[in-house]
Amino acid sequence: MILELSGIWKVFRLGTEAVEALCGVDLALEEGEFVTVIGSNGAGKSTLLNVIAGTCRPNRGRVRIGGKDVTKWPAHRRARWIGRVFQDPLRGTAAHMTLAENLALALKKGRRGFSLLLTPARKRYLRKLLEPLGMELERRLGERVGHLSGGERQAVTVLMATLARPKLLLLDEHTAALDPANAEKVLEITERLVGEARITTLMVTHRMDQALSLGNRLIMMHKGKIRLDLSAEEKERLSVADLVDLFRRLGVTDDALLLAGNGTNNAGDAYS
Amino acid sequence: MTLFLPAVEQGLIYGLMALGVYISFRVLAFPDLSVDGTFPLGAAVAATLIIAGWDPFLASLVAAGAGMVAGAFTGILSTKFRIQGLLAGVLTMIMLYSINLRIMGRPNLPLLGRPSALSTAVEALGLPYTWGLVVVAAILVLGIKLILDLFFHTEIGSAMRATGDNPHMVQAFGVNPETMVILGLALANGLVALSGALVAQYSGFADVGMGVGTIVAGLASVIVGEMLLRPRGVFWATVAVLLGSSLYRGAILVALRYGSVLGFTASDLKLLTALVVLGALMAPAIRARLRGEEA
Ligand SMILES: Nc1ncnc2c1ncn2[C@@H]1O[C@H](COP(=O)(O)OP(=O)(O)OP(=O)(O)O)[C@@H](O)[C@H]1O
Ligand SMILES: [Mg+2]
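Residues numbered from 1 in each chain as written. Chains lettered and ligands numbered in written order. Predicted model: local features only at pLDDT ≥ 70, side-chain atom pairs only at ≥ 80, totals over all residues. Heavy atoms only, no water.

Overview of the site of ligand 1
Residues and elements named next belong to chain A. Around ligand 1 lies a shell of 15 residues, among which N41, G42, K45, S46 and T47 are the nearest. Here N41 contributes a side-chain N or O atom positioned 2.8 Å from an oxygen atom of ligand 1. T47 is positioned with one of its side-chain polar atoms (N or O) 2.5 Å from an oxygen atom of ligand 1. Alone, ligand 1 offers 640 Å² of accessible surface; in the complex the protein occludes 69% of this. For the shell around ligand 1, the secondary structure elements donating two or more residues are β1 (3-14), β2 (17-29) and α1 (45-53). No other element matches the 3 residues that α1 contributes to the shell around ligand 1. Broken down by class, the residue content of the shell around ligand 1 amounts to 5 nonpolar, 8 polar and 2 charged. (Near = heavy atom within 4 Å. Polar contact = N/O pair within 3.5 Å; in protein donor to acceptor, adjacent residues only side chain to side chain. Areas by Shrake-Rupley, 256 points an atom, 1.4 Å probe, with all protein chains shown as cover. Helix = DSSP H or I, 4+ residues; strand = E, 2+ residues; numbered from the N terminus. Nonpolar A, V, L, I, M, F, W, Y, C, P; charged D, E, K, R; others polar.)

Next up, the structure:
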C-alpha cells in the first residue's frame, strides 16, 4: 500500500464558525494506481491533497505513505516521496531563477550541500529531459522561468514534479487555468511521464469526461466525504450522463459539477 | 579627487552592510530591520574586544558571529513564532539597543590609537598608507563578494534564492523554507555586523547611535546600484550593490564637504538619504502614471 488515509477529519475555524472540510475520509492507494477525483466546489478535494502532502495537518486520523506513519511530518520532509502540481502555473516554479536552476532543484530533491547546483553534465542531462516535451525548451535552459508561457511553465512543473521519481503524484486541477490546446498538451505530458515511471497518482479535475477517460479508478467527493469509489471496470462502463445520474441519486445537485458533466471546460469558475 | 579614495574605502566597508541588506531584501524578500541594531552590535563587540586587548581580526570575526546570532534570532521570531517579518526585525533592533549599551558599558567607545584590522593588514603587506587601505578593503570585500556569488550557486544557496522567490515551491522540493530564512538572515546580519566592526575601527569609535538609518543607507546602495547596472544574476547584482554603496558614500562625502554652501548640515543627511530612496521607490509608479497606465 503506497498511501493509506484512515479516519481523516479536518475542521477549519473561522472566528466562531467551523467549516468541516473533511469528515472521516478513508482511502487506500495501491502502487501504480491513477485515481481521478471529482466533486463540487468546496467538497474537500484540495484539502485532501494538502493533508497528504503535509501542508495541512488533520485534526484526527492517520496518514501513511509506503507503510510509514507520516501524520506528524512537515511537508518538506515528505516532499521526497511526493510530487505536486497546482492549478496556478506560477506556484510550481521560481520565476526569477533560470529553467535549468528550477529543474536542478527538483532533481536534487531532499539532498542539499555545498556542491554547485549546475554542472555541465547536469545541464546536458536536463537538456535530454526537456527534448521529449516537444516545446523546444531545451534551448531555453538559461532563461528565467518567468519568461515562459503558462502552458510551458505548467509542462515544466509536471516534469519537475515527476523528476525525482516520487511515490505519489498529486495533481490539483493542474490544467484548469490553461487554454484548451495547452491543457491537452500538458495532460498528454502528464500521462506519458506518469506511465513511464508508473507513479501512483491522484488527479483532481472538474471535467467528468477527463475523470472517466483517464486513470484506472475514480473517486467522487461531496461535503468532506468520499461518496463514490469506482474501479477501472466500473468506470469503463459509464458515460458522462450515467455519472451525472449517479450523482443526482446521491443527492449532489451542485450546478458547477453538473455543468462540468456536460463536457464544458469550466476553467473560469475553477479558481479557489 | 581628494574625496575619491575615501568614497571607495567607505563604499567597500559599508558595502558589506549593503550586501547584507541585499540578501535579506532581495534574495529572501524579507524586510529585515534588525540591521539597524546589528550594525552597531558589530561595532560594539569589536570595540570592546579590541580595548580588552584582543587581536582586531579576531575581534571582527566575533562581531560577525554576534551579528549572525542576532539575525538568526529575527529569523526564528518570524518563522517559528509567526511574528510578522517587519515586527520581528524591529523587536530585535530595540533589544539590541539595550544589549549594545550593556556590551560597551557606555554610549561611546573611542578606539583612537588602538590597532585596526585593515590598517594592520596594510602594514603587514608593506603598502603605503595613502592607497593601501583601499587595496586591503578591496581584497577583503571583493573576496567576500566572490564567496557569496559562489555560495548562491551551490545547491543550498540556490535553495535559499528559490525560497525568496517561491516558498511553496521549495517546500515541495524538500527544502524547509523556515531554515532557509533563518540561515539567510544569519548570513545577512553577519555581514552587517562585520561592516559595523570595520567601520568602528575605520572611524575610530563605536557609538550606540551609529546604527540609526542603516537600513535606509543599505537600501539606497542596493537601489542605486540596480538602477545603474540593471543586473541579471547574482554576480552582477553584488557588483551593483558595491558600486551603489561607493556612489552613495561619495554623495555623502560631497554633501558633508560642500553641503554647507546650500545650508545643509550633517544632521540633514538622513532626510536626504530617505528622500533618495523614496524617489527611487516612487519612480516606477510615477513613470507608469506619465505613460498613462494605471499605477
Ligand atoms: N485554509 C482554509 N481556511 C478556512 N477554510 C478553508 C481553508 N481551506 C479550505 N477551506 C474550506 O474547506 C472546504 C473545502 O475546501 P477545498 O479547497 O478542499 O475544496 P475543493 O474540493 O478543493 O473545492 P474546489 O473545487 O472549489 O477547488 C471549503 O468550504 C473551504 O472554504
Ligand atoms: Mg480545490
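Observations regarding the layout of surface pockets
Size it by volume and the largest pocket reaches roughly 790 Å³. As for the largest pocket, its lining consists of 29 residues, of which H96 and R144 of chain A together with R161, R232 and G233 of chain B are closest to the centre. Mapped onto the lining of the largest pocket, the elements with two or more residues apiece are α3 (99-107) and α4 (120-130) of chain A together with α1 (4-27), α7 (155-165) and α11 (234-258) of chain B. Broken down by element, the lining of the largest pocket gets its largest block of residues, 4 residues, from α11 of chain B. Here the residues of the lining of the largest pocket are counted per class, giving 12 nonpolar, 6 polar and 11 charged. (1 Å grid on protein atoms, 1.4 Å probe; cavity = no way out; pocket = protein on both sides within 12 Å on 5 of 7 lines; lining within 4 Å. Points joined across faces, edges and corners; volume = space filled by probe spheres on them.)

What to know about the interface of chain A and chain B
At the interface, 31 residues of chain A touch 23 residues of chain B. In total, chain A and chain B occlude about 2,300 Å² of area from one another, counting both sides; carbon and sulfur atoms represent 59% of this. E155 of chain B is the salt-bridge partner of K108 of chain A, the closest N and O atoms lying 3.6 Å from each other. Where chain A touches chain B, the interface holds 12 residue pairs in polar contact (both at pLDDT 80 or more). Those elements giving two or more residues to the side of chain A that touches chain B turn out to be α2 (75-78) and α3 of chain A. (Contact = heavy atoms within 4.5 Å. Buried area = accessible area lost by both parts, 1.4 Å probe. Salt bridge = Lys/Arg side-chain N within 4 Å of Asp/Glu carboxyl O.)

Topic: α7 of chain B
Among the 11 residues in α7 of chain B, 9 count as buried, and that is most of the element. For α7 of chain B, the complete set of buried residues consists of E155, I156, G157, S158, A159, M160, R161, A162 and T163 of chain B. (Buried < 20%, exposed > 50% of the residue type's maximum accessible area, 1.4 Å probe, protein only.)

Quick look at the side chain of T175 of chain A
All names here are of chain A. Topologically, T175 is positioned in the loop between β7 (168-172) and α6 (180-197). A relative accessible area of 9% means that T175 is categorised as buried. Ignoring anything within four residues of it in the chain, the contact list for T175 reads A183, V186, L187 and Q210.

Here we look at helix α5 (residues 117-124) of chain B
Residues and elements named next belong to chain B. Residues of α5 that are buried include every one of A117, L118, S119, A121 and V122, and no others. The secondary structure elements touched by the buried residues of α5 are α1, α3 (56-79), α6 (129-151) and α9 (177-203). Positioned one or two residues after α5, G126 has a phi angle of 70°, which is positive.

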